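Working through the structure, step by step
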Amino acid sequence: ATSSEALDLSFTQPAFDYTQALGYSYSEDPKLMYCADTLTEEPLYHENWWLDSCGLTGGSSGGPWIKPANTPPGSGPIVGLNSWGFVIGGQTLPGMAGSKLSGSTASCVFDKAKTAAVAGSPPDGQAGVPVTCP
């Protein structure tokens, strides 16, 4: 993707294979960081994806999970977002959980947000739009 192109979103079940996560970890800011690992389901909270050896830290939340990331490089689609990791005794452990876009209300919420934006939502972001998704 070039700097003027947006990555596609995928709301379908991704394959459990090579996935790349991008983000700005606070410990390495301003460097854009990434990790790559086999996508699995988070072992304790199955509503999340998991990259077992990912070393991204706080600050990377919201960064995209892209797969396939290498055909061509950085072409997407996005299958999840950096969300959280485990911190025990003040130490960040390897691994990153990511939100599941498939099998969730993410597609519905995204469609509602697009509709609200097109309908002329106030630009200040203060006016809420009720959203009901199954």
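Since the structure is predicted, the reported quantities are computational estimates derived from the model, not experimental observations. (Residues numbered from 1 in each chain as written. Predicted model: local features only at pLDDT ≥ 70, side-chain atom pairs only at ≥ 80, totals over all residues. Heavy atoms only, no water.)

Our next topic: the overall build of the chain. Summing up its helical and strand segments, the chain has one helix and eight strands in all. Burial status across the chain gives 28% buried among its 134 residues. The long-range fraction of contacts in the chain, counting pairs at least 24 apart against all pairs at least 6 apart in sequence, stands at 54%. A total accessible area of about 8200 Å² is found for the chain, and carbon and sulfur atoms account for 58% of it. (Helix = DSSP H or I, 4+ residues; strand = E, 2+ residues; numbered from the N terminus. Buried < 20%, exposed > 50% of the residue type's maximum accessible area, 1.4 Å probe, protein only. Contact = heavy atoms within 4.5 Å. Areas by Shrake-Rupley, 256 points an atom, 1.4 Å probe, with all protein chains shown as cover.)

Another point: the sheet that holds strand β1 (residues 18–23). In a beta sheet, neighbouring strands are held together by backbone hydrogen bonds and run either parallel or antiparallel to one another. On the basis of which strands lie adjacent, the closed barrel formed by six strands has the order β1-β2-β3-β8-β5-β4 and antiparallel pairing. Averaged over all pairs of adjacent strands, the angle between strand axes in this sheet comes to 45 degrees, irrespective of strand direction. Here β1 runs beside strand β2 (residues 33–41); their pairing, made up of six bridges, is antiparallel. Residue pairing in the sheet places Leu22 in a bridge with Tyr34 of β2. (Pairing = 2+ DSSP bridges. Axes fitted to C-alpha atoms, helices over the stretch in contact; angles between N-to-C directions.)

What follows is about the side chain of Lys100. Relative to the elements of secondary structure, Lys100 occurs in the loop between β8 (96–99) and α1 (106–118). What makes Lys100 buried here is its relative accessible area of 17%. A distance of 2.5 Å separates polar atoms of two side chains, one belonging to Lys100 and the other to Glu41. With residues up to four places along the chain from it excluded, the contact list for Lys100 reads Glu41, His46, Glu47, Asn48 and Trp49. (Polar contact = N/O pair within 3.5 Å; in protein donor to acceptor, adjacent residues only side chain to side chain.)

Right, let's talk about the side chain of Asp37 for a bit. Along the chain, the position of Asp37 falls in strand β2. Buried within the structure, Asp37 lacks any salt-bridge partner; its nearest side chain of opposite charge belongs to Lys67, at an N-O separation of 11 Å. Polar contacts involving the side chain of Asp37 include one to the main-chain amide nitrogen of Asp52, which spans 3.2 Å. Sequence-distant contacts of Asp37, that is, excluding residues within four places in its chain, are made with Asp17, Tyr18, Thr19, Leu51, Asp52 and Ser53. (Lys, Arg positive; Asp, Glu negative; His and termini not counted. Salt bridge = Lys/Arg side-chain N within 4 Å of Asp/Glu carboxyl O.)

Next up on the list: the state of the cysteines. The full count for this structure, using the stated rule, is two disulfides. What pairs with Cys108 in a disulfide is Cys133, and their sulfur atoms sit 2.1 Å apart. Its torsion about the S-S bond being -85 degrees, the disulfide of Cys108 and Cys133 is classed as left-handed. Highlighted residues: Cys108 in helix α1 and Cys133 in the segment after α1, separated in sequence by 25 residues. Shown here for the chain is a disulfide pattern of 1-2, 3-4, where each number marks a bonded cysteine counted in sequence order. (Disulfide = S-S within 2.5 Å.)

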